[in-house]
Amino acid sequence: MDGKAGLQVLGMLAALGLGSLSLTLLLGPVPPLLTWLQMRPKEVACRSCKAQGGEAGGQMDSCRLVLVESIPQDLPFAAGSPSGRPLAQAWLQLLDAAQESIRVASYYWSLTGQDIGVNDTSSQQGEAVLQKLQLLLAKNVSLAVATSSPTPATESTDLQVLAAQGAQVRQVPMKKLIGGVLHSKFWIVDRRHVYLGSANMDWRSLTQASPPPLCPHGRTRDLDAVLAVIRGAREFIYTAVMEYFPSTHFHHPARYWPVLDNALRAAALNRGVCVRLLVSCWLNTDPAMFPFLRSLQAFGNASAGISVDVKVFILPVGNHSNIPFSRVSHSKFTVTDKTAYIGTSNWSEEYFSSTAGVGLVVSQRAPSSRPSEPPVQEELRRLFERDWSSAYAVPLDGQAPGQDCVW
């Protein structure tokens, strides 16, 4: 979701820093370089977009949101299907625009194939991002990184390399602080451009794939934001998420947590809203998720006007089996007839209670001067429907390809 005249936001639902499908958003003022990221005046209500020059006729900052997505290699969609801007292109263009500072929050870093012992051409885009960051440090552009500690990328040397060239790296001990992890994924460039999405700083995010105690005054809690989006829907709620557990997932014994599940059921039953849930399945999926999915599916009753449908999204592994923790849809978004929500949290209790995630709620109107440009929520709806209607979306009563998904 995200030049110098204002704030630009480039938005994207980021993929898991693995081989996965992902979406994202960018926000911010737009330099001439970033023509497709430019935001036009009054298209988005954005508090960071302010007039320059006061009352004396200063120019109004442009503000625009752009959807970006990462689609794994060798994953064709039907001809004419909608698509977002490529994530790798967006990252590199944001870095090209950097003049003074780059701030990155990410769960972990793994931008080279060497980090995981893989020699594959698909790592080249991540390696290009790392090289660009090194070049910017050499040009005295400051880089500050906040990352979770301990890191799951134990073999990665990315942050050591950057720190040796002057980057400030802070490892946040989230487990000690609140028992979770730093699961946020966003960039701030020159305090003007913002990227927010589900992609980690991992090359597999490009080609393969806030908890209440830390919520500052003036920021909506992530769970409250998602619930408000669901409760505001009047026609449809489409959600794509990697994991769906109306319970705790990482604490044992598990504890029931039906907050989001109940909100979807109430929307379908009380207001007649069409609910569609698209959940990822890959080789690392926990099979304990499927009874919850079948329960939600069974709640639907066409004869009673209750429209609830669940599908599983499976990306074929194909000839990419040499790349671990890849080939999964890592999207985390909800779109309704009113609003779009793009975030970094899977749907289980810990992601909303003890994990530092971040999300953005967007309700955009198409500019009257450019009626052919749909608002972000309409673009997101089209992308969801593309995935929902694709060969990779399998009904719960369908036959899952066992080699690509643990069902």
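The preceding data block contains the structure.
As a starting point, this report considers the structure included with it. Bear in mind that the values here come from a model prediction, so they are computed numbers and not experimental data.

Rules behind the numbers
- Residues numbered from 1 in each chain as written.
- Predicted model: local features only at pLDDT ≥ 70, side-chain atom pairs only at ≥ 80, totals over all residues.
- Heavy atoms only, no water.
- Helix = DSSP H or I, 4+ residues; strand = E, 2+ residues; numbered from the N terminus.
- Buried < 20%, exposed > 50% of the residue type's maximum accessible area, 1.4 Å probe, protein only.
- Lys, Arg positive; Asp, Glu negative; His and termini not counted.
- Salt bridge = Lys/Arg side-chain N within 4 Å of Asp/Glu carboxyl O.
- Contact = heavy atoms within 4.5 Å.
- Pairing = 2+ DSSP bridges.
- Expected span 1.5 Å × (residues − 1).
- Arc of directions from axis to C-beta.
- Axes fitted to C-alpha atoms, helices over the stretch in contact; angles between N-to-C directions.
- Parallel < 35°, antiparallel > 145°, perpendicular 65-115°, else oblique.
- Left-handed = near helix turned anticlockwise from the far one by under 90°.

**A word on the side chain of Glu-243**
- Inspection of the secondary structure assignment puts Glu-243 in the loop between strand S12 (236–241) and helix H7 (259–271).
- Buried and unpaired, Glu-243 has no salt bridge, with Lys-332 as the nearest side chain of opposite charge at 7.9 Å.
- Excluding anything up to four places from it in sequence, Glu-243 contacts His-249, Val-279, Met-289, Asn-346, Trp-347 and Tyr-351.

**Here's the deal with the environment of Met-242**
- Topologically, Met-242 is positioned in the loop between S12 and H7.
- Each C-alpha atom, one on Met-242 and one on Phe-333, is 9.8 Å from the other, the two residues being 91 residues apart in sequence.

**Digging into the environment of Ser-348**
- Looking at where Ser-348 falls in the secondary structure, it is placed in the loop between strand S17 (340–343) and helix H9 (349–353).
- In this structure the C-alpha to C-alpha distance between Ser-348 and Tyr-244, which are 104 residues apart in sequence, comes to 6.2 Å.
- If sequence neighbours within four positions are ignored, Ser-348 has contacts with Phe-245, Ser-247, His-249 and Trp-257.

**Topic: the pairing of strand S3 (residues 65–70)**
- In terms of burial, S3 is a largely internal element, 6 of the 6 residues being buried.
- Of the two faces of S3, the one holding Leu-65, Leu-67 and Glu-69 and the one holding Val-66, Val-68 and Ser-70 are both buried throughout.
- Across 2 bridges, the pairing between S3 and strand S4 (residues 85–86) is parallel. Its bridge partner being in S4, Val-68 is matched across the sheet by Arg-85.

**Concerning helix H2 (residues 124–138)**
- The end-to-end C-alpha separation of H2 is 21 Å, in line with the 21 Å expected for 15 residues at 1.5 Å each.
- Within the span of H2, buried status applies to Gly-126, Val-129, Leu-130, Lys-132, Leu-133, Leu-136 and Leu-137. For H2, the angular spread of the buried residues around the axis is 160°, confining them to a single face. Turned more than 90 degrees away from the buried face of H2 sit Gln-124, Leu-135 and Ala-138, all of them exposed.
- Downstream of H2 by one or two residues, Asn-140 has phi in the positive range, about 70°.

**Section: the pattern of salt bridges**
- Applying the stated criterion across every chain yields a total of 8 salt bridges.
- Between Arg-265 and Asp-261 there is a salt bridge, with the nearest N and O atoms lying 2.6 Å from each other. Placement of both Arg-265 and Asp-261 in helix H7 is noted, with a separation of 4 residues, approximately one turn of the helix.
- Here Asp-261 falls in the buried class, since its relative accessible area comes to 4%.
- For Arg-386, the salt bridge is made with Asp-387, and the minimal N-O distance between the two is 2.9 Å. As far as burial versus exposure is concerned, Arg-386 and Asp-387 are alike and both buried.
- It is possible to trace a salt-bridge network through shared partners that takes in Glu-378, Arg-381, Arg-382 and Glu-385.

**Topic: the sheet that holds strand S16 (residues 333–336)**
- Spatially, 7 strands are ordered S18-S17-S16-S12-S13-S14-S19 in an open sheet, and the strand pairing comes out mixed. The open sheet has two edge strands, strand S18 (359–362) and strand S19 (393–395), and neither has a second partner. Ignoring strand direction, the axes of neighbouring strands in this sheet form an average angle of 20°.
- Along the sheet, helix H6 (residues 222–232) makes contact with S12, S16, S17 and S18, crossing S17 at roughly 155°.

**Brief notes about the packing of H7 against helix H8 (residues 290–299)**
- Relative to each other, H7 and H8 sit at 15°, their axes nearing to 10 Å. It follows that H7 is roughly parallel to H8 by the angle criterion. Seen from above, H7 lies across H8 with right-handed handedness. Two secondary-structure elements touch here, H7 through Asp-261, Leu-264, Arg-265 and Leu-269 and H8 through Ser-295, Leu-296 and Phe-299.

**Looking at H7**
- The first and last C-alpha atoms of H7 sit 17 Å apart over 13 residues, in line with the 18 Å expected at 1.5 Å per residue.
- Within H7 the residues assigned to the buried category are Leu-260, Asp-261, Ala-263, Leu-264, Arg-265, Ala-267 and Ala-268.
- Just past H7, the residue Gly-272 takes up positive phi, approximately 70°.

**Some points on the pairing of strand S9 (residues 186–189)**
- Burial along S9 is one-sided: Trp-187 and Val-189 are buried, while Phe-186 and Ile-188, pointing the other way, are not.
- One ladder, built from 4 bridges, connects strand S5 (residues 101–106) with S9; its direction is antiparallel. Counted as the bridge partner of Arg-103 is Ile-188 from S9.
- With 4 bridges joining them, S9 and strand S10 (residues 193–197) adopt antiparallel strand pairing. Among the inter-strand pairings, Val-189 is bridged to a residue of S10, identified as His-193.

**Some points on unusual backbone geometry**
- The phi dihedral of Asn-140 falls on the positive side, at around 70°, and the residue is not glycine.
- Position of Asn-140 among the secondary structure elements: in the loop between H2 and strand S7 (142–148).
- With a relative accessible area of 71%, Asn-140 lands in the exposed category.
- Even without glycine at this site, Arg-191 takes up a positive phi of about 55°.
- A relative accessible area of 76% places Arg-191 in the exposed class.

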